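As a plain string of letters, each chain reads:
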Amino acid sequence: MRLPRAAARLLPPHPLGGGAGPPPRRAAARASGQLENKTKGKLQKQVCQVVLDHFEKQYTMELGDTWASVRDVLTHPLCWQYAVLLNKFSQSTELESTLRVKGYHPALQGPLPYLPASLKCYIRRTPGRFPAQKHQAGKLKEYYLLNAASLLPVLALEVKDGEDVLDVCAAPGGKSVAILQCACPGQFHCNEYDDLRSRWLKQTIESFIPDPLINLIMVSKLDGRQIGDLKPELYDKVLVDAPCSNDRNWLFSSDIQQATLRLIQSKELSSLQFQLLRPGAETADLAATLVVYESAHMGGKMRLTFSLKSSSRIGNLSL
């Protein structure tokens, strides 16, 4: 697929130095120290030792010397980098000016196979997080905070106006919002099986999409493994953000028993991912994990469980 070759142009060098790869340990510590004063008095995330011990064993074996650098970034939330996706339905010239003053620049640069002018995302080289906007009923938010790499599967789908689109594991809704920045689907089906996350998804859509367009969006709580049989040949494009280990969030679990349970359940994730996918569709599927057996399973065996109106290309992204 063409897009991964352009991915390096989409994202700037790592904010902690050292090109596009993981930052050196001293750079991570330095960046953390630079931001320490800003966070004094605030409740900081605590690393779950059970999970970290598991990561040390697994990733030392899988990643070798690279793990030390990856670990430093994972364990220092202050070093994490967030992009700002602008909402075209609530445009603000002042916001773009503010972002540029604060050192942000467009994340989507260079010739890409698919890049609608309406999709605007800003990022900066230094770590930090732009203030989040609170949900207010009846008022649209101006921007969505996300990892810029989350836009890659959206760009890979190349959604066009009038196409029928399904986002299978849609919560919290960032990719759904991004799709709607790119085009106006004929039908847009956002699905999230988990009840709590489904409510989160609905709130996200209400916060970013105006009433005329929101009526074209269907939100459901179906088992993603069954949608293909329930709605065969209904969609032109499907995005599958399959359940995975989600290492960054998992590392900061506050419940040791829950973390231990997730360690056990993580071994079953690749089976669930495989059940979501099968040959013969045009899709972008995504794994947000470092786990080799999950990422390899995604790339080597997994394809979409949905028969589409037409099929021409399959893209896999492991982030």
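What counts, and where the lines are drawn
Residues numbered from 1 in each chain as written. Predicted model: local features only at pLDDT ≥ 70, side-chain atom pairs only at ≥ 80, totals over all residues. Heavy atoms only, no water. Axes fitted to C-alpha atoms, helices over the stretch in contact; angles between N-to-C directions. Helix = DSSP H or I, 4+ residues; strand = E, 2+ residues; numbered from the N terminus. Left-handed = near helix turned anticlockwise from the far one by under 90°. Contact = heavy atoms within 4.5 Å. Nonpolar A, V, L, I, M, F, W, Y, C, P; charged D, E, K, R; others polar. Pairing = 2+ DSSP bridges. pLDDT = per-residue confidence, 0-100. Buried < 20%, exposed > 50% of the residue type's maximum accessible area, 1.4 Å probe, protein only. Polar contact = N/O pair within 3.5 Å; in protein donor to acceptor, adjacent residues only side chain to side chain.

**A look at the packing of helix α3 (residues 49–63) against helix α4 (residues 66–74)**
Closest axis-to-axis distance for the α3/α4 pair is 8 Å, and the angle between their directions is 145°. α4 is crossed by α3, and the crossing has right-handed handedness. Taken together, the residues of α4 that come into contact with α3 (itself represented by Leu52, Phe55, Glu56, Tyr59, Thr60 and Leu63) are Thr66, Trp67 and Arg71. Across the contact of α3 with α4, the residue classes tally to 5 nonpolar, 2 polar and 2 charged.

**Thoughts on the sheet that holds strand β3 (residues 121–123)**
Across the sheet, which stays open at both edges, the 4 strands sit in the order β2-β3-β1-β4 with antiparallel pairing between neighbours. With partners counted over all chains shown, the strands left at the sheet margins are β2 (105–106) and β4 (143–146), one partner each. Bridge analysis of strand β1 (residues 83–86) against β4 gives 4 bridges, and the strand direction is antiparallel. Bridge pairing links Leu85 to Tyr144 in β4.

**A closer look at the confidence of the model for the protein chain**
Counting all residues, the mean pLDDT for the protein chain is 76, and 67% of those residues have values of 70 or more. Per-element confidence in the protein chain is highest for helix α7 (residues 174–182), whose mean pLDDT is 97, and lowest for strand β10 (residues 314–318), whose mean pLDDT is 38. This stretch, residues 1–25, has a pLDDT under 50; its non-local contacts, to residues over four places away or in other chains, come to 60 contacts. Here residues 31–42 is a poorly scored stretch, pLDDT under 50, and it has 10 contacts once near neighbours within four places are set aside; other chains count.

**Here's the deal with the environment of Asn191**
Relative to the helices and strands, Asn191 resides in strand β6 (residues 188–191). Judged by its relative accessible area of 1%, Asn191 is buried. As for Asn191 and Ser220, which are separated by 29 residues in sequence, their C-alpha atoms are 4.8 Å apart. Among all residues touching Asn191, those that are not within four sequence positions of it are Leu166, Asp167, Val168, Cys169, Ala170, Ser220, Lys221, Leu222, Gly224 and Ile227. Here Ser220 takes part through its side chain, which lies 2.6 Å from a polar atom of the side chain of Asn191.

**So, the side chain of His189**
With respect to the helices and strands, His189 occurs in strand β6. Relative accessible area serves as the criterion here: at 2%, His189 is assigned to the buried category. Looking at His189, its side chain comes within polar contact range of the side chain of Tyr235, at 2.6 Å. Those residues in contact with His189 that lie beyond four places of it in its chain are Val165, Leu166, Asp167, Met218, Ser220, Leu222, Lys231 and Tyr235.

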